[in-house]
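This is what each chain is made of:
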Amino acid sequence: MAPAARAGTEAHFTPGAPGIGDPYFPLEGNGGFDTRHYDLSFSYDPAGDRLEGLAVITAKATQNLSRFDLDLQQLDVSSVTVGPQRAEFARDGQELQITPKQPIPDGRTFTVAIHYGGVPQTIVGSPVVFGSPYGFLHTDDGAFMGDEPNAASTWFPVSDHPADKATYTFRVTVPKGLGVVANGTLMYDVDAGDKSLWVWDEPLPMASYLATADIGHWLVKQGRTPGGIPEYVAVDPVLPDVTVDGVTKSALDFFYDSTAEAGDLWSQTFGPYPFDVIGAIADNATYDGRPLGFSLETQTKPVYSAVRNAGTIAHELAHQWFGDSVSVATWDNIWLNEGFATFAEYLWGEHTGAGSAHDAFLADYSRPATSAFWNQAIADPQRDTMFASAVYRRGGMTLQALREKIDDDDTFFRILKTWTSTHEYGNGTTAEFTALAERISGLDLGAFFQTWLYTPSKPTTW
């Protein structure tokens, strides 16, 4: 209950902001409230590509709200209720503007229920991901969701920014014979007539772009990694066998074994695994008949649009720590996700005997100073180039250079483990990481980070 207004005064209620003000995506997310839980019920039939949904969102007001927004692209809304009462709503681009019958006091927890539906539209042509299709992807036998950075709103109403994390429940109805694989743990599935209901629950905070609920035919393998982490892997039955070092495995066994090996390694390297289950979702996903080159660190189970190599699997699983548990506070900090996962690839090479992290650093460093690779300040890479290779590779190089500058692996890896533990289930910034590195190492690293993160030229001294 919000505190009562003082005698003789009247509470002032204002609309929540349409976005959180991210420097790259100012309209993503929404102001005036903090989401706590999404209970998403929807049906989807690949035969008609139509989704019909009910989203019940629990949130807490952070101001006196006369109106608030959610993000929703293209899909139609038929009704909205806030608590037990019908609410007025309007559309303004991707903004779903909701006006409750009674204003919501600061500090009050409330629920909003949105009935919505339509044919979800895949985002294509965006320079942010170099024109690749993303968001809700229609497949031959179902659907495949990969939402980074701003496409969760292609399939449900959402405060679509990683600064506004929440827990999730998915209740997905599909034609009988199809399966659903989503974040978290499968609570149950049940057949009713010609339909099947699949219920998944993710009880730990999750950024919206990491949500997924993939529909199709699946082969499933469950168990525990050698280190004891519960594991759930689902692959499309049409994916081919995989041969590595002369050993051939089914795609299911390849993803299961690679996920287990990488998950256990990162648990030792970066700190305890932060979630309840680890796994993979590997689909045979195409767009307009062309294969998608898609891998994304969706929480607990990264999604892959085809068979990927073990290094890619290791990269996406490193994101469970760097990106999923510790998410960016704003998207200009994206190197904290991609640079850290690329550094994990360096470590994976050391683990598998492919070469040292120092050698991987030198291979990346060998690009000539005239290469466009060096013409980007990766601590602020700009929206349309936020996923450029330099953000990944120079980010990984920054961490290896830091490791070598500190010259003590115990200290260096204590920095990474402290980062993952102190920001667990939260958000972080470059400034917070650099301050932590200085505090734990005892070194003045201002010039080092200025060189590696903020200077758009090839480093020569650091």
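Residues numbered from 1 in each chain as written. Predicted model: local features only at pLDDT ≥ 70, side-chain atom pairs only at ≥ 80, totals over all residues. Heavy atoms only, no water.

1. What to know about helix α8 (residues 446-454)
Because each turn of an α-helix spans 3.6 residues, side chains separated by three or four positions end up pointing in the same direction.
Here is step 1 of the chain: Residues of α8 that are buried: F448, F449, T451, W452 and L453. All buried residues of α8 project into a common sector of 165° when viewed along the axis, lining one side.
Here is step 2 of the chain: In the core, the buried residues of α8 are packed alongside α3 (335-352), α4 (357-365), α5 (389-406) and α7 (430-441). (Buried < 20%, exposed > 50% of the residue type's maximum accessible area, 1.4 Å probe, protein only. Helix = DSSP H or I, 4+ residues; strand = E, 2+ residues; numbered from the N terminus. Arc of directions from axis to C-beta. Contact = heavy atoms within 4.5 Å.)

2. What about the sheet that holds strand β4 (residues 65-71)?
What holds strands together in a sheet is hydrogen bonding between their backbones, with the strands either parallel or antiparallel.
Here is step 1 of the chain: Spatial ordering of the open sheet is given by β1-β4-β8-β7, a layout of four strands whose pairing is mixed. The outermost strands of the open sheet, each flanked by one partner alone, are β1 (14-15) and β7 (88-92).
Here is step 2 of the chain: The pairing of β4 with strand β8 (residues 95-99) spans four bridges and is classified as antiparallel. Across the sheet, residue F68 finds its bridge partner in β8, namely I98. (Pairing = 2+ DSSP bridges.)

3. Notes on the side chain of S267
Here is step 1 of the chain: Structurally, the position occupied by S267 is in helix α1 (residues 251-270).
Here is step 2 of the chain: Reaching out from S267, the side chain makes a polar contact with the backbone oxygen of G263 at a distance of 2.8 Å.
Here is step 3 of the chain: When sequence neighbours within four positions are dropped, the list of residues in contact with S267 reads I229, P272, Y273 and W321. (Polar contact = N/O pair within 3.5 Å; in protein donor to acceptor, adjacent residues only side chain to side chain.)

4. Some remarks on the sheet that holds strand β6 (residues 85-86)
Here is step 1 of the chain: Pairing is mixed across the open sheet formed by eight strands, whose spatial order is β6-β5-β9-β3-β2-β12-β15-β14. Of all the strands in the sheet, the pair left with one neighbour each is β6 and β14 (185-192).
Here is step 2 of the chain: As paired strands, β14 and strand β15 (residues 195-206) are joined by seven bridges and run antiparallel to one another. Within the sheet, the bridge partner assigned to T185 lies in β15 and is D201.

5. Focus on the packing of aromatic side chains
Here is step 1 of the chain: Inspection of every chain in the model, using the stated rule, returns 40 aromatic pairs.
Here is step 2 of the chain: Their ring planes at 80° and their centres at 5.9 Å tell us that F144 and F294 sit as a pair that is edge-to-face. Highlighted residues: F144 in strand β11 (residues 143-146) and F294 in the loop between β23 (290-291) and β24 (295-296), separated in sequence by 150 residues.
Here is step 3 of the chain: For F294, a relative accessible area of 12% translates into the label buried.
Here is step 4 of the chain: A cation sits over an aromatic face here: R367 above F373, 3.9 Å from the ring centre.
Here is step 5 of the chain: Directly above the ring of Y365 sits K458, whose terminal nitrogen or CZ lies 4.3 Å from the centroid. (Phe/Tyr/Trp six-rings, centres within 6.5 Å; stacked < 30°, edge-to-face > 60°. Lys NZ or Arg CZ within 6 Å of the ring centre and 35° of its normal.)

6. Here we look at the pattern of salt bridges
Here is step 1 of the chain: Taken as a whole and assessed by the stated rule, the structure comprises 11 salt bridges.
Here is step 2 of the chain: The salt bridge partner of D253 is K221, with a shortest N-O separation of 2.9 Å. Of the two residues, D253 sits in helix α1 while K221 sits in strand β17 (residues 219-224), which places them 32 residues apart along the sequence.
Here is step 3 of the chain: Look at K221 and you get partly exposed, because its relative accessible area is 28%.
Here is step 4 of the chain: Residue R367 is joined to D364 by a salt bridge in which the shortest nitrogen-to-oxygen separation is 3.1 Å.
Here is step 5 of the chain: One connected set of salt bridges, linked through shared partners, spans E345, D364, R367 and R393. (Salt bridge = Lys/Arg side-chain N within 4 Å of Asp/Glu carboxyl O.)

7. Here's the deal with the packing of α5 against helix α6 (residues 409-422)
Here is step 1 of the chain: Relative to each other, α5 and α6 sit at 140°, their axes nearing to 8 Å. Taken together, the axes of α5 and α6 are oblique relative to one another. Classified by chirality, the crossing of α6 by α5 is right-handed. On α6, the residues that touch L399, L402, R403 and I406 of α5 are D409, T411, F412, F413 and I415.
Here is step 2 of the chain: Considering only residue class, the contact of α5 with α6 consists of six nonpolar, one polar and two charged. (Axes fitted to C-alpha atoms, helices over the stretch in contact; angles between N-to-C directions. Parallel < 35°, antiparallel > 145°, perpendicular 65-115°, else oblique. Left-handed = near helix turned anticlockwise from the far one by under 90°. Nonpolar A, V, L, I, M, F, W, Y, C, P; charged D, E, K, R; others polar.)

8. Observations concerning unusual backbone geometry
Backbone phi values are negative for most residues with the exception of glycine, while trans is the configuration of most peptide bonds.
Here is step 1 of the chain: Residues E148 and P149 are joined by a peptide bond in cis, for which omega reads 0°.
Here is step 2 of the chain: With respect to the helices, strands and loops of the structure, P149 is situated in the loop between β11 and β12 (166-175).
Here is step 3 of the chain: Within the chain, D49 stands out as a residue other than glycine whose phi angle is a positive 60°.
Here is step 4 of the chain: Summarising the element assignment, D49 is placed in the loop between β2 (33-45) and β3 (50-61).
Here is step 5 of the chain: Relative accessible area serves as the criterion here: at 26%, D49 is assigned to the partly exposed category.

9. Looking at the side chain of E148
Here is step 1 of the chain: Along the chain, E148 falls in the loop between β11 and β12.
Here is step 2 of the chain: No salt bridge forms around the buried E148; measuring N to O, its nearest opposite-charge neighbour K165 is 12 Å away.
Here is step 3 of the chain: Once residues within four sequence positions are removed from consideration, E148 is found in contact with V129, Y134, Y209, L296, E297, W331, I334, E338 and F387. (Lys, Arg positive; Asp, Glu negative; His and termini not counted.)

10. Here's the deal with the environment of V190
Here is step 1 of the chain: Tracing the backbone through its elements, the reader meets V190 in strand β14.
Here is step 2 of the chain: Note on V190: relative accessible area 39%, which makes it partly exposed.
Here is step 3 of the chain: Along the primary structure V190 and H319 are separated by 129 residues, whereas in three dimensions their C-alpha atoms are 32 Å apart.
Here is step 4 of the chain: Ignoring anything within four residues of it in the chain, the contact list for V190 reads K195, S196 and L197.

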